[in-house]
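Summary of structural features
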Amino acid sequence: MAGRVEGKVALITGAARGQGRSHALRLAEEGADIIAVDLCGPVPNLQYPPATEEDLAETVRQVEALDRRIVATKADVRDRDAFKAAIDEGVAALGKLDIVVANAGICIIAAWDEVTPEIWNDVVSINLTGVFNTVQLAAPHVIAAGGGSIILTSSAAGLKGLPFLMPYVASKFGVTGMGKAFAAELAQHNIRVNTLHPTGVDTAMGEMGGAFPPLLEKNPAVGGMLANMLPIQVTEPRDQSNAVLFLASDEARYVTALSMTVDAGTTEY
């Protein structure tokens, strides 16, 4: 029985671990070949360990264990020349591009008056400009393939203002709007563009959660904004990947400009 994305090729950024690796594996399980890109290096002020080249190699190993092809490249989504080369080389090797998952992103917890220009610039340039670069550089290949699906990882913080995450919230609201704008312009090419809005996910990024309590002690009134409606603390990466698979598949062939929440109800709190 054919998989839900059998014969398709998917570009995934931030693919070395966490949600990116999970997305790669979930799509590969359902028949897709993968173009994987990740920075695999440090970013200043991160409160959790960065992904490594060894992480990206493990993604390659796990995708290949599913008997799917994968082209993996260390590249920064902010570096348009290197990133374009990674995309173009992946498409040349695998033949086309049908699915784009703009997943690369970072998060830094800080009170509003402790956000430095460096923190602001790094978060916005990776999370927002990096997504813009992903779509602008990858979409021509999807057009050449006759259409497809583009999925942008936003966040619950792209629909709801959350405390102590000012640059992250700004960037993710930007991704939400960008998704709708790209959906409008790319529809003529039979390309669907949707945004995904997770609550917390059990990944390395989640390790920074210990930075919240000292800030909440100073401003306890906002603590409830971080709660989920369902009785869980975090989702699993595969919960988000199942949504990516749906949006990438032909089951969602008429779904576009959607802000899809997999957020345990947090955006309704």
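Residues numbered from 1 in each chain as written. Predicted model: local features only at pLDDT ≥ 70, side-chain atom pairs only at ≥ 80, totals over all residues. Heavy atoms only, no water.

Overview of the packing of aromatic side chains
Summed over the entire model, instances satisfying the criterion amount to one aromatic pair. Both rings, one in F164 and one in F212, keep their centres 6.5 Å apart while their planes meet at 55°; by these two values the pair is tilted. Separated by 48 residues along the polypeptide, F164 in the loop between β5 (148-153) and α5 (166-186) and F212 in helix α6 (residues 212-218) bring together distant segments of the chain. The two residues F164 and F212 agree in class, both being buried. (Phe/Tyr/Trp six-rings, centres within 6.5 Å; stacked < 30°, edge-to-face > 60°. Helix = DSSP H or I, 4+ residues; strand = E, 2+ residues; numbered from the N terminus. Buried < 20%, exposed > 50% of the residue type's maximum accessible area, 1.4 Å probe, protein only.)

A look at the packing of helix α4 (residues 117-144) against α5
Two numbers describe how α4 lies on α5: the axes approach to 8 Å, and their chain directions differ by 15°. If you check the angle between α4 and α5, you find them roughly parallel. Considering only the axes of α4 and α5, their crossing is right-handed. Two secondary-structure elements touch here, α4 through I119, W120, V123, V124, N127, L128, V131, F132, V135 and A139 and α5 through M166, P167, Y168, A170, S171, K172, G174, V175, M178, F182 and L186. Residue classes in the contact of α4 with α5 are distributed as 17 nonpolar, three polar and one charged. (Axes fitted to C-alpha atoms, helices over the stretch in contact; angles between N-to-C directions. Parallel < 35°, antiparallel > 145°, perpendicular 65-115°, else oblique. Left-handed = near helix turned anticlockwise from the far one by under 90°. Contact = heavy atoms within 4.5 Å. Nonpolar A, V, L, I, M, F, W, Y, C, P; charged D, E, K, R; others polar.)

Some words on the pairing of β5
Remark: a regular strand shows side chains that alternate across the two faces of the sheet. For β5, a buried count of six out of six residues is recorded, marking the element as mostly surrounded by other parts of the structure. Side chains of β5 alternate between two faces, with G148, I150 and L152 and S149, I151 and T153 buried alike. Of the pairings in the sheet, the one linking strand β4 (residues 99-102) to β5 comprises four bridges and is parallel in character. Along β5, the bridge assignment pairs V100 with I150. Sheet topology note: the β5/strand β6 (residues 191-198) ladder contains six bridges and is parallel. Looking across to β6, one finds that I150 is bridged to V193. Handedness of the crossover is the feature at issue here: the chain leaves β5, passes through α5, returns alongside β6, and the resulting connection is right-handed. (Pairing = 2+ DSSP bridges. Right-handed = clockwise from strand over helix to strand, strands pointing away.)

A closer look at α5
Its 21 residues place the ends of α5 30 Å apart at the C-alpha level, agreeing with the 30 Å of an ideal helix rising 1.5 Å per residue. Taken as a whole, α5 has its buried residues at P167, Y168, V169, S171, K172, V175, T176, M178, G179, F182, A183 and L186. Packed against the buried residues of α5 are α4, β5, β6 and β7 (259-262). (Expected span 1.5 Å × (residues − 1).)

Description of the layout of surface pockets
Its volume calculated, the second largest pocket comes out at about 280 Å³. If you go around the second largest pocket, you meet 15 residues; those closest to its centre are G147, G148, N190, R192 and D250. Looking at the lining of the second largest pocket, the elements that each hand over two or more residues are β5 and β6. Class assignment of the residues belonging to the lining of the second largest pocket gives a composition of five nonpolar, five polar and five charged. (1 Å grid on protein atoms, 1.4 Å probe; cavity = no way out; pocket = protein on both sides within 12 Å on 5 of 7 lines; lining within 4 Å. Points joined across faces, edges and corners; volume = space filled by probe spheres on them.)

What to know about the environment of V9
Locating V9 in the fold gives a position in strand β1 (residues 9-13). Take V9: its relative accessible area is 2%, and that puts it in the buried class. For the pair V9 and D33, spaced 24 residues apart in sequence, the C-alpha to C-alpha distance is 4.7 Å. Those residues in contact with V9 that lie beyond four places of it in its chain are D33, I35, L94, K96, L97, D98 and I99.

Observations concerning the sheet that holds β4
Strand pairing in a sheet is mediated by backbone hydrogen bonds. Such pairs are either parallel or antiparallel. With parallel pairing, seven strands are arranged side by side in an open sheet as β3-β2-β1-β4-β5-β6-β7. Strand pairing shows two members of the sheet lacking a second neighbour, β3 (70-74) and β7, which therefore form its edges. Between one strand axis and the next, the sheet turns through 15° on average, direction left out of account. Where β1 and strand β2 (residues 33-38) come together, five bridges link them in parallel fashion. From the neighbouring strand, L11 faces β2, where its bridge partner is I35. Lying on the sheet, helix α1 (residues 18-29) is in contact with β1, β2, β4 and β6; it crosses β1 at an angle near 170°.

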